[in-house]
Amino acid sequence: MQGPGDFEVSRRDVLKLGAAATAVPLVAKGQAGSPAEAPVSTQLSLNVNGKVHALKLDTRTSLLDALRDHLQLTGSKKGCDHGQCGACTVLVNGRRINSCLSLAVMHAGDKITTIEGLGTPNKMHAMQAAFVKHDGFQCGYCTPGQICSAVGMLSEVKANVPSHATTDLTAPCALTNPELRERMSGNICRCGAYSNIAEAIADAAGVPAAGRSA
Amino acid sequence: MKFTQTEGKNRTDRQKVIGKATPRIEGALKATGKATYAYEWHDIAPKPAFGYVLGAAIAKGRITSMDTSGAESSAGVLAVVTAENAGPLDKGNFNVVKLLAGPEIQHYHQAIAVIVARTFEEARAGATKIKVRYASEPGVYDLEVAKETAVKPPARWGNEPDSAAGDFAGAFAAAPFKIDATYHTPAHSHAMMEPFASIAAWKGDELTVWTANQMIAWSRADLAKTLKMPPEKVRVVSPYVGGGFGGKLWIRADVLLAALGARAAKRPVKVALPRPMMANNTVHRPATIQRVRLGAGKDGKITAFAHENWAGNQKGGSTETATLASRALYAGANRMTSNRNATLDLPEGNAMRAPGDAPGSMAFEIAIDEIAEKVGLDPVEFRVINDTQVNPEKPAQTYSTRKLIQCLKTGAEKFGWSKRNAKPGAVRDGNWLVGLGVATAYRGAPTMNSGARVRIESSGRVIVETDMTDIGTGSYTIIGQTAAEMMGVPLDRVDVRLGDSNFPVSAGSGGQFGAVSATSGVYAACLKLREAIATKLGVAADTLEIDDGFAVAGSKRVALGEVAGTEGLSAEDKIEFATDREKHLHYTFGAHFVEVGVHAITSEVRVRRMLAVCHAGRILNPPAARNQIIGAMTMGVGAALMEELVVDKKVGFFVNHDLASYEVPVHADIPHQECVFLDDEDPTVSPMKALGVGELGICGVSAAVANAVYNATGKRVRDYPITIDKLMRT
């Protein structure tokens, strides 16, 4: 549902907006020194966790910062802002992405799911519950990204998307321990709860948790 | 209460809640994104401005000019704060270098300005418009070179830098078996997932900061001192901390610059250090060079022991005391250790998880593997033979509890150690050379005085408040368990509130003293609250029983909420540790077992299996303790195989200052990990009879990996991390 402030954005417009956004720094550089030149901003609507939000954003705003600073959905974490750690992982149209590497203006019309959209403390998603049960975290800062990534990863396995660890490209993907670990390696946990996280994901996926593996 | 002597039986022995496997009580909040970290306080500090930190582009020298006009006129910029306009600033007791530099620059990426703007994007853009000119000066960045100028550092935390007993030189000369080897450990980055971040808000002359910090009281005092204001006017709030590992023990630039930015912009300001600034702007574990000489008799007993260490730091900074990892670990009458510290112009070195002992054990536990092989003994057996129950320097001082032999033997049994082939390079699995390694884990069990306030509400709920922090360590849960046990209520009727300087001062999180100290403080407050309940009921405290939410004395049985009444009932106390620490050495122990595969052609190292058997007194919450150990094992794998802050010795900074280039272990690097705790309790340290596990797990594990690589390949790499290039040229 769209509010009165929203406007329709086609996929073509989104691409244009993306292009405009990348051009902004050049424009800004040309204007350096001119007093208080207003930054380029745009209106857009973001569909987050099934709710449409009308936003006016500086076009340089990352999807992550739009979620955290503008929609106050701070479950998605900023660990590095460079796509190196995975703490900002969200689901866009069911696929996992690093929201820090994506501009908000590129996502009008997308269906975005954040950790808040998966479940709540009183009604957790199965993956969230499995992380709590298996103590799949310590400080909790990478956890929302790990969980969103795990949910996205299971869909990839289901869709037979191969990984670096896949040994037979013609056979259906199986969530073995090496597959799981390879596919989750974009999500860093500096507390080092990997062994527990692997158990949590295996539990939520209904596959046996592996012990020994090379 | 004062803890003055070995504890007898007490209520914690019931172990109805304490010691039971308990999921983290804040777990659901963390798993659903509802735990509020420093940068995320929308309701309390609404509509904040954003601060972006500018770091120095030289390592040593002076700013000759700084033109901030471009930034000031940049869109949305509200203020630019530099050392020139910040007003007079002092420096915190725990800070070595200044948090806001200028004109003197002490290290690369030292903060020189904060740009405050309406949005993050505007602040970041504004920062690019500051023009800075520097006059660089030559600095010292290479420890290998600076080692020659290193000096004896002062004693720290009561530890003298040097020690000696017996006649090392004579015994070493006479030893039938000996090794003399030098090891290198590089600088490490804490690289916690949550960047240093703070929101600051002023109300008149009162300052509140929501920040990511391990030690609330110290940081409150240091922030007040830096801002030259009374500590009572500063409130520090830090209920959720996204990892610290020692890096967040002290205040850093983010909190000071948020405070200064908020003062200048006249509104709340939030500042997070960008990830690429963290390695050079903040602190790191300093690099070390360690020489170990060991002499042993034909019976395998150590006759001569020497461990020397060189490290470096900024002028006035502490040294990385690597020799405490070995000083009293094994028997032997003739021994010496020494530490020397050089002055470097790299960023400030400071505590990172098991400071001293982590790098110390990385070197020393390889040396033990080397001498065991020389003597012709299995490395497990060698360690068993050289066990000591006393301080080898002062035999009158005994270990309060030490079950290292049991850790080693239990681990060897569980891991299938007997199948290890002592001949290196002899076991092959396809293209993989397979090896097993072992090392001892050994880490002190200190305590710190710690306070808490406990209240019963008319609803019967128990509220615990203490400025203790939970940095992923599980403080919330063990504190809740302690209160539940002591107050006779189920855990779900306890609310634990942490990390606020309005609460009683606790031990804080560091040095693996947090769990034992903070829970002891809660224990003390609960005892006092039980007395208050007895007084209110008009019975003697020792006749009072509290169970299932009811206070029972004689024929009286009253619900706790009813005893508390509408105004509630509260008590505050702290534990003060006053036992004679000279009588015993208090340590935690463990044995690490690691299996690696090393690719015969590419030299790629894969960790295949890991087991730690640990001995750390009473375990308060087994899954949380396990998580601490496996997390530390993971960090130890990083130190063994990949982690190194690479020094640019010309420019003087850490080159690989982000998470793409400073490699830490990822899922693919870490196999399923086993962790076993020996049943035990240590009543000499605290009423909780626990010790601490947060740092034990990282001690020795890197050496166990290194020893496994040696067993797999016959290649002894003494220069961490053990990377492919080093294996190929060894």
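Residues numbered from 1 in each chain as written. Chains lettered and ligands numbered in written order. Predicted model: local features only at pLDDT ≥ 70, side-chain atom pairs only at ≥ 80, totals over all residues. Heavy atoms only, no water.

**Student:** Help me out: how do you make sense of the overall build of chain B in this one?
**Tutor:** Secondary structure summary: chain B contains 17 helices and 33 strands in total. For a compact globule of 730 residues, the expected C-alpha radius of gyration is about 27 Å, and chain B comes in at 27 Å, within 12% of that figure. Going through the 730 residues of chain B one by one, you find that 67% of them count as buried. Only carbon and sulfur atoms are counted for the fraction: they give 51% of the accessible area of chain B, which is about 24500 Å². Distance from the positive charge centre (84 side chains) to the negative charge centre (78 side chains) of chain B: 1 Å. (Helix = DSSP H or I, 4+ residues; strand = E, 2+ residues; numbered from the N terminus. Rg over C-alpha atoms; globule rule 2.2 N^0.38 Å. Buried < 20%, exposed > 50% of the residue type's maximum accessible area, 1.4 Å probe, protein only. Areas by Shrake-Rupley, 256 points an atom, 1.4 Å probe, with all protein chains shown as cover. Lys, Arg positive; Asp, Glu negative; His and termini not counted. Charge placed at Lys NZ, Arg CZ, Asp CG, Glu CD.)

**Student:** How do you make sense of the nonpolar core when you look at a structure like this?
**Tutor:** Generally speaking, soluble globular proteins have nonpolar side chains that are buried together. Residue and element names in this part refer to chain B. Within the largest apolar cluster, 229 residues are counted, with the highest numbers of intra-cluster contacts made by L294, I533 and V596. Those residues in contact with L294 that lie beyond four places of it in its chain are F172, F177, K178, I179, I302, A304, F305, F364, A367, I368 and I371. Core analysis: the second largest hydrophobic core is formed by 25 residues, Y52, A56, A101 and V241 among them. (Core = buried A, V, L, I, M, F, W, Y, C linked by side-chain atoms within 4.5 Å. Contact = heavy atoms within 4.5 Å.)

**Student:** What is the right way to read the pattern of salt bridges from this model?
**Tutor:** Where charged atoms of side chains with opposite charge meet at close range, the side chains can pair. Residue and element names in this part refer to chain B. Per the stated rule, a full pass over the model turns up 53 salt bridges over all chains. Where E695 meets R443, a salt bridge forms, and the shortest distance between an N and an O atom there is 2.6 Å. Of this pair, E695 sits in the loop between β33 (673-677) and α16 (701-713) while R443 sits in strand β20 (residues 432-444), placing them 252 residues apart in sequence. Its relative accessible area of 11% is what places R443 among the buried residues. One network of salt bridges, with partners in common, ties together D13, R618, E681 and K689. (Salt bridge = Lys/Arg side-chain N within 4 Å of Asp/Glu carboxyl O.)

**Student:** Which parts of the structure should I look at to understand the side chain of T22 of chain B?
**Tutor:** Residue and element names in this part refer to chain B. Looking at the secondary structure, you find T22 in the loop between β1 (2-3) and α1 (27-31). Overall, the relative accessible area of 10% leaves T22 in the buried class. Of the polar contacts made by the side chain of T22, one reaches the backbone oxygen of K20; its length is 2.7 Å. Dropping the residues within four chain positions of it, T22 is found in contact with V17, T477, Q481, L491, N621 and P623. (Polar contact = N/O pair within 3.5 Å; in protein donor to acceptor, adjacent residues only side chain to side chain.)

**Student:** Would you explain the side chain of E7 of chain B in this entry?
**Tutor:** All names here are of chain B. When you line up the elements, E7 lands in the loop between β1 and α1. Notably, E7 is buried but unbridged: the nearest opposite-charge side chain belongs to K689, and the N-O separation is 6.0 Å. Leaving out residues up to four positions away in the same chain, E7 has contacts with Y523, P683, S686, P687 and K689.

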